[in-house]
Amino acid sequence: MTLLVSDLYYPGWKVKVNGRDERVIKVFGLLKGVTVEKGRSKVLFSSCPLSFNTGTVISAITFIGWAALLVISKRRKRATHDRTCRLSEAIKEDRKGCHDSRV
């Protein structure tokens, strides 16, 4: 006997019938279903599509990449600022020894 669920079939669905893995079947080319024995059965559908897992991995890699770029950018900005301050102090020291000889 086939149990028909009025929900669209999409790859990635899994089903357990009475605790055993069963195969999700496409019914009428559009809906999902599963073969069950006569009588009472506990049917549990779960979805884990490949597109969801792929999207999760891509999002995680993107987040890590942006975080790394942010850290690198902050470090470069700090290093540039430190070099600019040292250069500015060196210029000030050089000017202390100079006197304006305009008459």
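Whatever comes next refers back to the structure up there.
The residue numbering used here restarts from 1 in each chain and proceeds along that chain's sequence as written. Side-chain atom pairs in this predicted model are given and counted only at pLDDT of 80 or more, local residue features only at pLDDT of at least 70, and totals for whole chains, interfaces and linings cover all residues. Side-chain figures throughout are based on the complete set of non-hydrogen atoms in the structure, without hydrogens or water.

Chemist: Looking at this model, I keep getting lost on the overall build of the protein chain. Mind explaining?
Modeler: A count of helices and strands for the protein chain gives one helix and six strands. When its helices and strands are written in sequence order, the protein chain yields β-β-β-β-β-β-α. Buried means the residue's accessible area, taken with a 1.4 Å probe over protein chains only, is under 20% of the maximum for its type, while exposed means over 50%, and partly exposed covers the values in between. Counting the 103 residues in the protein chain, one finds 11% classified as buried. The contact definition used throughout considers only heavy atoms, calling two residues in contact when any of these lie within 4.5 Å. Once local pairs closer than 6 in sequence are excluded, the contacts in the protein chain between residues at least 24 apart make up 52%. Working definition of accessibility: Shrake-Rupley area with a 1.4 Å probe, residue cover restricted to the visible protein chains. Carbon and sulfur atoms provide 60% of the accessible area of the protein chain, an area that totals close to 9200 Å². Numbering goes from the N terminus for both helices and strands, where a helix is a DSSP run of H or I of at least four residues and a strand is a run of E of at least two.

Chemist: Please clarify how the pattern of salt bridges should be interpreted in this entry.
Modeler: Side chains that differ in charge, positive against negative, can pair when their charged atoms come close. Take a side-chain nitrogen of Lys or Arg and a carboxyl oxygen of Asp or Glu: if they are within 4 Å of each other, that pair is a salt bridge. Counted by the stated rule, this structure contains three salt bridges. Across the salt bridge formed by Asp7 and Lys32, the nearest N and O atoms sit 2.7 Å from each other. Here the residue Asp7 occupies a position in strand S1 (residues 2-8), and Lys32 occupies one in strand S5 (residues 31-35), the gap between them amounting to 25 residues. When the shortest N-O distance is used, the salt bridge between Arg20 and Glu22 registers 3.9 Å. Put simply, Arg20, Glu22 and Glu37 are held in one network by salt bridges that share partners.

Chemist: Just checking my understanding: could you explain the side chain of Lys32 for this structure?
Modeler: When its relative accessible area of 2% is taken as the criterion, Lys32 is described as buried. As used in this structure description, the phrase polar contact means that two N or O atoms lie within 3.5 Å; if the pair is within protein, one of them must be able to donate a hydrogen and the other to accept it, and residues adjacent in sequence are counted only when both atoms belong to side chains. Among the polar contacts made by the side chain of Lys32, one reaches the side chain of Asp7 at a distance of 2.7 Å.

Chemist: Explain the sheet that holds strand S3 (residues 20-22) here, please?
Modeler: Note on sheets: strands pair through backbone hydrogen bonds, and any given pair is parallel or antiparallel. For two strands to count as paired, DSSP must find a minimum of two bridges between them. With respect to topology, three strands assemble into an open sheet ordered S3-S2-S6, the strand pairing being antiparallel. Looking at which strands have only one partner, the edges of the open sheet turn out to be S3 and strand S6 (43-47). Neighbour to neighbour, the strand axes of the sheet diverge by 30 degrees on average, direction disregarded. Note on method: axes are straight lines fitted to C-alpha atoms, helices fitted across the in-contact stretch only, with angles between N-to-C directions ranging 0 to 180 degrees.

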